[in-house]
Amino acid sequence: MANAVPGRVLGVRCRDAQLRLSLRFVVPLVLVLAALALAAMPLVDRLTFRWFVRDLDLRASLVARTMDGPLQSLIRANDVAGMRAYFTRLTQDERLFAVGFCADATARPIASATLPVGIGCASIDRSADRSGEIIQALKGPLLVSVRPLESAAAGLGTIVLVHDMSFAERRSDETKRYLFYLFVALGAAVSLITVVVAQLSFRGWVNGIRSLVRVERLGRPARAVNGGDMQPIADDLRALIHDLEAEHRLRDEEQVGWTPDSLREILERELRGHDVIVVSNREPFIHEREGSSIVVRRPASGLVTAVEPIMRACSGTWIAHGSGSADRDVVNRQDRVAAPESGAGYQLRRVWLSKDEERGYYYGFANEGLWPLCHIAHVRPTFRSRDWEQYERVNRRFADTVTAEATSADPIVLVQDYHLALVPRMVRERLPDATIITFWHIPWPNPEAFAICPWRDELLDGLLGSSILGFHTQSHCNNFVDTVDRQLEARVDRETFAVSYRGERTSVKRYPISVEWPPSAPLVARPVAECRTMIRERLGLPLDHAMGVGVDRLDYTKGLEERFRAVERLLDLHPEWIGRFTFVQIAAPSRTSIGQYQEYAHRVHALAADINARFASTGPPAILLIVRHHEPSEVYEYYRAAELCFVSSLHDGMNLVAKEFVASRDDERGVLLLSQFTGAARELPEALIVNPYDADQCASALNVALTMPLPTQRARIRLMRGLIQEFNVYRWAGRMLLDAATMRRRGRITSRTPASAKHTRVTDTPTVRPARSHDSVDRAAGW
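As a starting point, this report considers the structure included with it.

Digging into a nonpolar patch on the surface
The grouping of Tyr178, Phe180, Tyr181 and Val184 at the surface amounts to a nonpolar patch, some 450 Å² of accessible area in total. Along the chain, the position of Phe180 falls in helix H4 (residues 166-218).

The structure is reproduced here in structure tokens:
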């Protein structure tokens with residue numbers, strides 16, 4: 001069935017192709033002939049005018065010789081009236097406008113009444129022949145010819161002959177008209193002959209291609225077609241058909257069960273032999289020194305959560321900033337270190353930054369500038385020129401590292417997040433054939449907000465060095481395209497969501513990020529019941545105590561204050577939960593050298609203390625705030641021990657905590673409270689969707705979650721787990737890699753396709769969307 005696709009397409013488009021082929025021949029031919037006609041007309045006009053001037057000049061000499069005898073007789077008789085009458089009779093000729101005679105330079109000319117006023121004896125040089133001078137009169141151009149009396153005595157006088165040149169203009173117009181008719185006739189004849197020959201040739205070519213396609217389908221050698229006439233293109237056509245079939249199959253056949261194996265299969269089948277390089281600021285594991293020993297830690301990062309399983313499946317190289325206290329101690333001479341897990345398969349290439357570079361690039365421009373700019377959290381962004389200089393310098397160092405690590409001229413480079421917005425353009429300049437996929441993990445603001453950034457054009461230029469630019473949601477794609485349209489001189493195709501800039505095309509696509517499915521076995525190895533008991537004992541809570549959990553970095557965009565106020569409001573509205581419910585907030589320290597984060601951490605601690613003091617009782621506290629780094633296995637224990645998970649982000653690209661909580665609950669229990677301002681809210685409508693700024697609504701949702709019957713919990717979380725299973729992190733990465741493979745395939749087809757066929761517009765194949773729309777509007781909290 002797959003082999004029939006190119007044949008059907010070829011048959012359906014045959015008539016259109018014939019018409020296009022004819023137009024390709026006729027239109028350029030008509031344009032060329034029209035250009036030749038336009039170029040030839042002025043040339044012919046000048047040439048014919050010169051001929052007329054030369055003919056009239058010769059005629060002037062003939063007329064002057066004819067006048068010689070009669071004029072001398074009239075001069076000797078001093079018959080001025082006779083001379084004028086003689087001249088008047090001569091001007092009866094339609095081309096002779098006026099005749100005159102000058103005895104010397106001081107005399108007045110004796111001439112017919114039609115002699116132009118501007119011609120006088122003083123202006124005529126007897127010693128030179130003034131033949132061929134053109135003057136303009138009301139009637140039109142006039143040719144002035146001056147001839148001496150050849151048989152007269154020296155100094156007798158000079159004859160002035162003025163010729164009417166208006167007939168030359170009329171003849172020139174007729175010549176142009178006849179020339180135009182000639183080119184029209186010539187164009188029609190040549191076009192007719194060309195179209196007939198092209199149609200006959202095209203029919204023969206199409207018949208040969210059809211025969212070749214049929215033979216390929218039957219498995220016979222292509223040499224059997226037309227006596228081997230099609231053999232020179234058989235190999236190219238076979239490869240083209242295979243590529244088209246592969247693209248059709250990849251897009252129309254649903255991939256069942258996205259796993260590490262299916263991701264490796266894609267790489268093996270579609271991208272065999274190509275480098276896969278991930279570039280990010282955050283490294284997937286950190287080596288820290290504790291006393292005399294070195295320990296490995298996993299950073300609290302949604303990026304690492306999503307990308308690290310991909311690298312375990314794909315191998316390749318991960319380039320990141322080495323920020324651990326013992327990172328330099330474990331790398332080899334090339335600054336590389338293997339992943340600590342056995343069989344992980346990828347290498348980490350660390351990039352070193354000085355304290356000044358880290359302060360300006362990471363803490364300054366990235367996190368005091370871009371982070372608040374892209375998040376609606378009511379924190380003013382700060383931009384400094386010295387921070388921008390460091391940002392640019394560090395991005396260039398990352399791009400140089402990509403070039404050094406690439407073992408081919410066309411690697412696949414996955415650039416991650418806002419820290420490295422300039423890297424795509426820099427890599428493009430160094431590796432023009434690379435396929436660069438950039439994923440922006442945080443929201444993209446509207447054009448008005450982004451215009452705040454003093455280096456907005458440079459950031460957009462850097463990102464548009466990507467082959468594919470990905471965002472979590474369609475609204476972020478829309479904002480980016482609107483920003484480019486507003487800020488740059490670029491061509492935006494809103495039908496296919498592509499931007500053409502500096503002669504290159506960037507596809508802007510939506511790739512909702514997800515988590516690993518199924519979760520790694522060590523993360524869910526401890527049974528839920530054991531987790532419940534162990535966590536409560538660790539925290540000093542009764543075994544039947546209700547517990548909620550939040551897992552975040554200590555960041556002002558995560559809505560920790562709003563979350564705590566919701567817990568406070570819950571205890572106000574439902575005092576029966578005082579002493580029976582504790583909310584446990586796991587908060588990883590983050591960006592502690594930035595003043596805004598220090599102030600935020602202080603406010604969060606103070607608010608938790610105030611709420612606990614207000615509801616102090618003999619029982620456990622209302623809020624337990626635990627500020628330290630937790631390994632993923634510890635975080636999963638809290639997920640599995642809690643009755644609910646509360647995600648109250650004020651603005652978030654996706655938020656993987658929500659998906660991790662759902663993935664961790666293989667007991668199909670637990671309730672997710674999810675901020676409407678996260679990307680995850682568009683994918684998980686079965687969660688209790690809340691507005692984190694509405695404390696009453698959040699408190700009501702907390703009470704609903706704590707009292708929700710188990711069958712309702714099971715129904716809701718089962719649907720969410722089904723979606724995460726289908727749209728897991730391997731599918732997220734697989735879609736990007738499939739799009740990269742398609743882009744490379746089209747490049748190969750374009751390089752093999754004849755130039756005449758490259759005018760056919762090829763649009764991006766739409767990415768596969770889930771059955772449940774991720775683009776739906778935010779749901780109200782209809783629990």
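After presenting the structure, the write-up continues.
So, the packing of helix H16 (residues 560-573) against helix H20 (residues 695-707)
Look at H16 against H20: their axes get within 8 Å of each other, and the N-to-C directions meet at 70 degrees. Between H16 and H20, the crossing angle belongs to the class labelled roughly perpendicular. Contact residues: H16 offers Ala566, Val567, Arg569, Leu570 and Leu573, while H20 offers Ala695, Asp696, Cys698, Ala699, Leu702, Asn703 and Leu706. A class-by-class count of the residues in the contact of H16 with H20 yields 9 nonpolar, 1 polar and 2 charged.

Quick notes on the sheet that holds strand S12 (residues 412-416)
One open sheet accounts for 10 strands, arranged S10-S11-S9-S6-S12-S13-S14-S17-S16-S15; its pairing is mixed. Each having just a single partner strand, strand S10 (336-338) and strand S15 (491-493) make up the two edges of the open sheet. When strand polarity is set aside, the average angle formed by the axes of neighbouring strands in this sheet is 20 degrees. In this sheet, strand S13 (residues 435-439) lies alongside S12 in parallel orientation, the contact comprising 5 bridges. Bridging across to S13, Ile412 finds its partner in Thr435. Most of the contacts of helix H11 (residues 423-430) go to S13, to which it runs at about 175 degrees, and overall it touches S12, S13, strand S16 (498-501) and strand S17 (504-510).

Remarks on the state of the cysteines
One pass over the structure, following the stated rule, counts 1 disulfide. There is a disulfide in this structure between Cys102 and Cys121, and the S-S distance comes to 2.1 Å. For the disulfide bridge between Cys102 and Cys121, the dihedral angle about the S-S bond is near -90 degrees, and by the sign convention the bridge is left-handed. One end of the pair, Cys102, is in strand S1 (residues 96-102); the other, Cys121, is in the loop between strand S2 (110-111) and strand S3 (133-137), with 19 residues separating them in the sequence. An identical accessibility class is assigned to Cys102 and Cys121; each is buried. The thiol of Cys453 is not disulfide-bonded; the next cysteine sulfur, from Cys374, is found 8.9 Å away.

Here's the deal with the pairing of S13
In terms of burial, S13 is a largely internal element, 5 of the 5 residues being buried. In this fold, the crossover linking S12 to S13 by way of H11 has right-handed handedness. Bridge analysis of S13 against strand S14 (residues 468-471) gives 3 bridges, and the strand direction is parallel. Across the sheet, residue Ile437 finds its bridge partner in S14, namely Ile468.

Points about the pattern of salt bridges
All chains considered together, the criterion is met by 40 salt bridges. Between Arg614 and Glu568 there is a salt bridge; the shortest N-O distance is 2.8 Å. Of this pair, Arg614 sits in helix H17 (residues 595-614) while Glu568 sits in helix H16, and the two are 46 residues apart along the sequence. In this structure, the salt-bridge partner of Lys659 is Glu683, at a minimum N-O distance of 3.2 Å. Note that Lys659 is positioned in helix H19 (residues 656-664) and Glu683 in the loop between strand S22 (671-675) and strand S23 (688-690), a separation of 24 residues in sequence. Glu683 carries the same exposure label as Lys659, and that label is buried. Each member of the salt-bridge network shares a partner with another, and the members are Asp335, Arg336, Arg349 and Glu405.

What counts and what doesn't
Residues numbered from 1 in each chain as written. Predicted model: local features only at pLDDT ≥ 70, side-chain atom pairs only at ≥ 80, totals over all residues. Heavy atoms only, no water. Patch = residues over 30% accessible without salt bridge, like charges linked within 9 Å, V, L, I, M, F, W, Y side chains within 5 Å. Areas by Shrake-Rupley, 256 points an atom, 1.4 Å probe, with all protein chains shown as cover. Salt bridge = Lys/Arg side-chain N within 4 Å of Asp/Glu carboxyl O. Helix = DSSP H or I, 4+ residues; strand = E, 2+ residues; numbered from the N terminus. Axes fitted to C-alpha atoms, helices over the stretch in contact; angles between N-to-C directions. Parallel < 35°, antiparallel > 145°, perpendicular 65-115°, else oblique. Contact = heavy atoms within 4.5 Å. Nonpolar A, V, L, I, M, F, W, Y, C, P; charged D, E, K, R; others polar. Pairing = 2+ DSSP bridges. Disulfide = S-S within 2.5 Å. Buried < 20%, exposed > 50% of the residue type's maximum accessible area, 1.4 Å probe, protein only. Right-handed = clockwise from strand over helix to strand, strands pointing away.

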